[in-house]
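# Examining the three-dimensional arrangement
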Amino acid sequence: MVARFWSFLTTLTLFLGLSTSTSHTQSHSTKFDFDSTCSSISSHLSIPNATNIASTLIQANTNLTFPNNDPSCNRPFQIVLTDTCRITMSIATSVKSGIEFEAWFPRNWTGRFLSTGNGGLSGCIQYEDLAYTAALGFAAVGANNGHNGMSGAPFLNNPDVLEDFVYRSIHTSVLIGKNLTSTFYGIPHSKSYYLGCSTGGRQALKTVQDFPSDFDGIVAGAPAADFNHLIDWSGHFLEITGTNDSSTFLSTEKWVTLVHPDVLRQCDEIDGVRDGIIEDPSLCDYDPSGLVCKDEEGEEENQSSNASCITQVQADMIKEVYKPFFINGELAYPRLQPGSEDLPVFFTGQQFIFTADWFRYVVYSDPTYDVNTLSEKDWALAEDLDPFNISTWKADLSAFRDRQGKLLTYHGQTDGLISPLNSERYYDRVTKTMGLTSSEQDEFYRFFRISGMGHCSGGVGAWEIGQTLAGSRNLANLDPESNVLTAMVRWIEQGVAPESVLGRKFVNDDTNEGVAFSRKHCKYPLRNTYDGVGDSTKPESWKCL
């Protein structure tokens, strides 16, 4: 335990010192009193449209509670990992909307600024990301995206709140956060960064596309880009599976206990190793016909209640589930990847909650709208509306590139909420739109496919890549070779771009039980390939080809 503690301190110290300018450090240390500044700053701040400004010194290891946080955010508390000045305020973004803003300024500031993102349709500040990045010495900010809680109900008949959600909350937080950082520390930040996943990933791409000067380095996981088609795609599965009284419907239990193991039986060993991980699901052409109930003579039997098999109608439904999504004959969104069905969020017999909320509160402005009847005409309407360009699908990133901005995206290959193929699709779209070679695109935009990782984190693969506090093993892994955030810092400040990302999987996801295996995840379009002879749990037995 003592050895691990000192190892953690050494790693953290090395990161905190990574390329921090001497002048920044000297100015900060000789002119600045952290405690007194924190106690007094709220009384003399003058920020346009800001009210309820408060500042509080939070000591390291404090269990900070949020009694007024919406319960649907599921964030009742957060352990603060370093001495932090927490500054909170309400900021009006229009006469009908506003954001709740937080800045977490660490005592051990490195001169870096960072904005966190959000998830789903939520107005939930991701306190875990504030704690993570503040502990690494970033002046970190976050906001509630213009509303409180996970529901889309606040969008109803209020386009100003919707505008906050689409882009304005993040951009406002950045503008105010950067000025506040300079006011607090007495000197401006040196470099600016962003860290987010899912909706946070879409917010990242929105910034790159529309506000290219907001950040120097951006880490975006599983971006919810091409948003309208994503919402449509998420909803179209109900048309395929039917409700739970339909002959096509398959229970979530059968998806997990029958379909998923069958997918692995057919596709796990495509990469040369049977380990429960489909390294590249794009190579998997799954056929569920072997699960159809048969009698003793091999003839089909209609035994829908049989727990060990399925009907032919259900098999046909499963085949449809794994097909790309089209609207009026044109490709709208890529397929769900095989291997992600062990968390069957779209196959419950009910409309997916984000799709339901989007159509009720945005598309039709009718909370009673029957979302179980959504069909192609509705998908097309959502596509056409595209409020505030929430699609986030612009592909000319020249302005971001030309100011030396860097973008790192990653996507779990067993993500069952956002198809990882969409991240490939966007990368390729940028390539084509900007007319880039692979090496030219590598100069500012790199994408990593994380095998066996689910939505943003977790899964059977080597998913710990420093993308979250948990993904950094609670700050134990800050090595730029295996931490996407510190890799971005090194890319911006030292010019060393990541060629791969080393992921780890711990036994039962418990660091105390040791590493089960490690694997280097490749830079797209390279594919991780087993050498056929080495120990498959070791990264050196795999090559990016």
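Note that the coordinates shown come from a computational prediction; the quantities given were computed from them, not determined experimentally.

About the cut-offs
Residues numbered from 1 in each chain as written. Predicted model: local features only at pLDDT ≥ 70, side-chain atom pairs only at ≥ 80, totals over all residues. Heavy atoms only, no water. Helix = DSSP H or I, 4+ residues; strand = E, 2+ residues; numbered from the N terminus. Rg over C-alpha atoms; globule rule 2.2 N^0.38 Å. Buried < 20%, exposed > 50% of the residue type's maximum accessible area, 1.4 Å probe, protein only. Contact = heavy atoms within 4.5 Å. Areas by Shrake-Rupley, 256 points an atom, 1.4 Å probe, with all protein chains shown as cover. Lys, Arg positive; Asp, Glu negative; His and termini not counted. Charge placed at Lys NZ, Arg CZ, Asp CG, Glu CD. Disulfide = S-S within 2.5 Å. pLDDT = per-residue confidence, 0-100.

### Regarding the overall build of the chain
A count of helical and extended segments in the chain gives 15 helices and 17 strands. Taking 545 residues into account, the globule formula puts the C-alpha radius of gyration at 24 Å, and the chain, at 24 Å, falls close to it. By its C-alpha atoms, the chain is 85 × 60 × 50 Å across when sized along the principal axes. Per-residue burial over the chain gives 58% buried out of 545 residues. When contacts within the chain are restricted to residue pairs at least 6 apart in sequence, long-range pairs at least 24 apart make up 69% of them. For the chain, the accessible area works out to roughly 21600 Å², and carbon and sulfur atoms hold 51% of it. The average position of the 40 basic charges and that of the 66 acidic charges among the side chains of the chain differ by 8 Å.

### So, the state of the cysteines
Counting across every chain of the model gives six disulfides. The disulfide partner of C267 is C284, and the gap between their sulfur atoms is 2.0 Å. Taking the torsion about the sulfur-sulfur bond, which here is approximately 70°, the covalent link between C267 and C284 counts as right-handed. You can see C267 sitting in helix 8 (residues 252-267) and its partner C284 sitting in the loop between helix 8 and helix 9 (312-321), a full 17 residues away along the chain. C267 sits in the buried class, given a relative accessible area of 2%. In this structure C284 comes out as buried when scored by relative accessible area, which is 2%. Through a disulfide, C293 is tied to C309; the S-S separation comes to 1.9 Å.

### Focus on the confidence of the model for the chain
Here the chain averages 93 in pLDDT, while 93% of its residues score no lower than 70. Scored below 50 in pLDDT, residues 1-11 shows five contacts in the model against residues more than four places distant or in partner chains. Confidence drops under pLDDT 50 across residues 19-23; counting only partners more than four residues distant or on other chains, this segment forms six contacts.

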